[in-house]
Amino acid sequence: MSSSQVERLVYMANQIALNMAAWGDQAVVAAKTRDHLSRFWTPAMREQLQAYREQGGEGLSPAVVEALDF
């Protein structure tokens, strides 16, 4: 996977979490982000983002990191 692909996944995941921030509570934001990733992202996209997180996950929002704990 190229660096630009990872950067794009990080950007998109962070944007999803940012949009969910209207819910306020961090746990709810993470749960809604998790739901979105599960419903609309391919397994390959989720696996790539999870692998990136396991390598340090630089740039991932806290809500995305929490959302990936599933």
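Data block above holds the structure.
Residues numbered from 1 in each chain as written. Predicted model: local features only at pLDDT ≥ 70, side-chain atom pairs only at ≥ 80, totals over all residues. Heavy atoms only, no water.

Draft legend 1. Broad picture of the pattern of salt bridges. Inspection of every chain in the model, using the stated rule, returns two salt bridges. Residue arginine 39 is joined to aspartate 35 by a salt bridge in which the shortest nitrogen-to-oxygen separation is 3.8 Å. Here arginine 39 and its partner aspartate 35 are both found in helix α2 (residues 26–40), four residues apart, which amounts to about one turn of the helix. Residue class for arginine 39 comes out exposed when judged on its relative accessible area of 57%. Its relative accessible area of 39% is what places aspartate 35 among the partly exposed residues. (Salt bridge = Lys/Arg side-chain N within 4 Å of Asp/Glu carboxyl O. Helix = DSSP H or I, 4+ residues; strand = E, 2+ residues; numbered from the N terminus. Buried < 20%, exposed > 50% of the residue type's maximum accessible area, 1.4 Å probe, protein only.)

Draft legend 2. Focus on the nonpolar core. Of all hydrophobic cores here, the largest spans 16 residues; its most connected members are Val10, Trp41, Leu49, Leu60, Val64 and Leu68. Secondary-structure elements contributing two or more residues to this core are α1 (3–20), α2, α3 (43–54) and α4 (62–67). The dominant element in this core, judged by the number of residues it contributes, is α1, at seven residues. If sequence neighbours within four positions are ignored, leucine 68 has contacts with Leu37, Leu49, Gln50, Arg53 and Leu60. (Core = buried A, V, L, I, M, F, W, Y, C linked by side-chain atoms within 4.5 Å. Contact = heavy atoms within 4.5 Å.)

Draft legend 3. Fine view of the environment of serine 38. Along the chain, serine 38 turns up in helix α2. Given the relative accessible area of 36%, serine 38 is considered partly exposed. Measuring from C-alpha to C-alpha, the distance between serine 38 and phenylalanine 70 comes to 9.7 Å, with 32 residues separating the pair along the chain. Sequence-distant contacts of serine 38, defined by excluding residues within four places in its chain, comprise Arg46 and Phe70.

Draft legend 4. Structural context of the packing of α1 against α2. Running from N to C, α1 and α2 cross one another at 130°; their axes reach a closest spacing of 9 Å. Classified by the interaxial angle, the pair formed by α1 and α2 is oblique. Seen from above, α1 lies across α2 with right-handed handedness. On α2, the residues touching Ile16, Ala17 and Met20 of α1 are Val29, Lys32, Thr33, His36 and Leu37. (Axes fitted to C-alpha atoms, helices over the stretch in contact; angles between N-to-C directions. Parallel < 35°, antiparallel > 145°, perpendicular 65-115°, else oblique. Left-handed = near helix turned anticlockwise from the far one by under 90°.)

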